[in-house]
Amino acid sequence: MSADMVIVRREGLYCVPGQFYIDPWRPVERAVITHAHGDHARGGHRHYLTAAAGVNVLKSRLGEVDITGLAYGETVLHNGVTVSLHPAGHVLGSAQVRMEYRGEVWVASGDYKVEPDRTCAPFEPVRCHTFITESTFGLPIYRWQPQQTIFDEVNAWWGANAAQGRASVLLGYSFGKAQRLLSGLAPEIGPIICHGAVQSLNQVYRDDGIQLPPTLMVGDVDKTALGKSIVLAPPSAGGSPWIKRFGDFSDAFASGWMQLRGARRRRGVDRGFVLSDHADWPGLLEAITATGAQRVIVTHGSIAVLVRWLQQQGLQASGFDTEYGDDEAEEHA
């Protein structure tokens, strides 16, 4: 190809020969959606294409829109472009978009992580000539511990609070993060209570065959048992009247940002657990290398740092200016 297959327009990332958009931020005719977080999946598009595993999540967040679900690895031909979706390992139904046109292959990754978890299909490297990657945690300081280590820390914190008759309130993004945390909880410690925003998505996950421990709404739990409970709630619930019903509680925040000094203090919580559904610095480099791409385009996050590092490795690297944001920051706002 003499021109780029994907460019940035006012509406979003645009596949020129295919005449469709990827995660557009303004209403368009045809949108391919990588996953259902609000900064990537917006209302107002006429036609949506997403991974089959993400259809129900997208409907739960956008209502009854015109959605076509495509199984991972299945191909569809649109205006001469062969399109397929491949697991991104970010959240339930998250996908990378592979586009092939006249022998050239581009992949737009959306958001992704490389460590597998029990709540979504694991990341699948896709060979390509040009790879469009996120860089939410695109700095060398971001290096995640194995998720089981974090789950063990959460359960130990919960158990210690329960022994003192104090509820444990764990704040995290209601879609994806909450279900991943839930999958690692030890239900024998006490009741698991979920905020309504989390509980509704738990049901979508269960309907898609994801195994999660039993959860309750706060109204279903006897007041005498609240002191042994753990409460999963979105960041917006922190400091709300809803949270005050738990009385004397200990609170924590689960996010990759908790690795930064001062982040826990700014959140005003007792504990910070470093758990992210995005790739850390080694994960980004691992994913990029696995594609075999000689050209890499970096989107939201630490664009300049990752671009410079990739250029130093001999790759053709540049950035795209997009309107994607941070999941947790968006929900907190």
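Higher on the page you've got the structure.
Now for a description of the structure that goes with this document. (Residues numbered from 1 in each chain as written. Predicted model: local features only at pLDDT ≥ 70, side-chain atom pairs only at ≥ 80, totals over all residues. Heavy atoms only, no water.)

## Details of the packing of aromatic side chains
Test applied: Two aromatic rings, drawn from Phe, Tyr or Trp (for Trp, its six-membered ring), form a pair once their centres lie within 6.5 Å of each other, and the interplanar angle then sorts them: stacked below 30 degrees, edge-to-face above 60, tilted otherwise. Strands are runs of DSSP state E lasting at least 2 residues, helices are runs of H or I lasting at least 4, and numbering of each runs from the N terminus. Any residue under 20% of the maximum accessible area for its type is buried, any over 50% is exposed, and the rest in between are partly exposed; the area is computed with a 1.4 Å probe on protein chains only. In this analysis the charged atom, NZ for Lys or CZ for Arg, is taken to sit over a ring once it is within 6 Å of the ring centre and within 35 degrees of the ring normal.
Evaluated as defined, the whole model comprises 13 aromatic pairs. Ring centres of Trp-25 and Tyr-324 lie 5.3 Å apart, and the angle between their planes is 80°; on these two criteria the pair is classed as edge-to-face. Residue Trp-25 is located in the loop between β3 (20–22) and β4 (30–32), and its partner Tyr-324 is located in the loop between β18 (316–319) and α8 (327–332); the two are separated by 299 residues in the primary sequence. Summarising the burial analysis for this pair, Trp-25 and Tyr-324 share the class buried. Consider the rings of Trp-157 and Phe-273, whose centres lie 5.6 Å apart with planes at 65°: the pair is edge-to-face. In this pair, Trp-157 is assigned in helix α2 (residues 147–163) and Phe-273 in strand β16 (residues 271–273), connecting sequence segments 116 residues apart. For the pair Trp-157 and Phe-273, one class covers both residues: buried. Within the aromatic cluster, the residues linked to one another by ring pairs are Phe-137, Tyr-142, Trp-144 and Trp-257. Between Arg-9 and the ring centre of Tyr-14, over which it is positioned, the NZ or CZ distance is 3.8 Å.

## Points about the pattern of salt bridges
What counts here: For this document, the term salt bridge refers to a Lys or Arg side-chain nitrogen within 4 Å of an Asp or Glu carboxyl oxygen.
Following the criterion strictly, the structure yields 8 salt bridges and no others. We note a salt bridge from Arg-46 to Glu-29, for which the minimum N-O separation is 3.6 Å. One end of the pair, Arg-46, is in the loop between β4 and β5 (47–51); the other, Glu-29, is in the loop between β3 and β4, with 17 residues separating them in the sequence. For Arg-46, a relative accessible area of 53% translates into the label exposed. The exposure class assigned to Glu-29 is partly exposed, which follows from its relative accessible area of 41%. Of the charged contacts in the structure, one is a salt bridge between Arg-166 and Asp-248, with a shortest N-O distance of 3.5 Å. Here Asp-248 lies in the loop between β14 (230–233) and β15 (249–254) and Arg-166 lies in the loop between α2 and β12 (167–171), a separation of 82 residues in the sequence. Look at the salt bridges and you will find they share partners, linking Glu-115, Arg-180 and Asp-277 into a network.

## Focus: the environment of Ala-279
The following threshold applies: In this analysis, two residues are considered to be in contact whenever any of their non-hydrogen atoms come within 4.5 Å of each other.
Structurally, the position occupied by Ala-279 is in the loop between β16 and α6 (281–291). A residue is classified by how much of its surface remains accessible, and Ala-279, at 2% relative accessible area, is buried. Sequence separation between Ala-279 and Lys-228 is 51 residues, and the spatial gap between their C-alpha atoms is 33 Å. Discounting residues that sit within four places of it in the chain, Ala-279 has contacts with Tyr-112, Lys-113, Glu-134, Phe-137, Trp-144 and Leu-284.

## Let's talk about the pairing of strand β9 (residues 95–101)
Let me state the cut-off plainly: Note: two strands are recorded as paired if DSSP finds a minimum of 2 bridges between them.
Of all the 7 residues making up β9, 6 are buried; the element is thus mostly covered by neighbouring parts of the structure. In terms of strand pairing, strand β8 (residues 81–87) meets β9 through 6 bridges, oriented antiparallel. Bridge pairing in β9 links Ser-84 to Arg-98. Where β9 and strand β10 (residues 104–108) come together, 5 bridges link them in antiparallel fashion.

## Notes on unusual backbone geometry
The backbone of Asp-23 sits at a positive phi, close to 50°, despite the residue not being glycine. Structurally, the position occupied by Asp-23 is in the loop between β3 and β4. On the basis of relative accessibility, which here comes to 1%, the residue Asp-23 falls in the buried class. A positive phi angle, near 55°, is found at Asn-79, a position not held by glycine. Considering the arrangement of structural elements, one finds Asn-79 in the loop between β7 (75–78) and β8.

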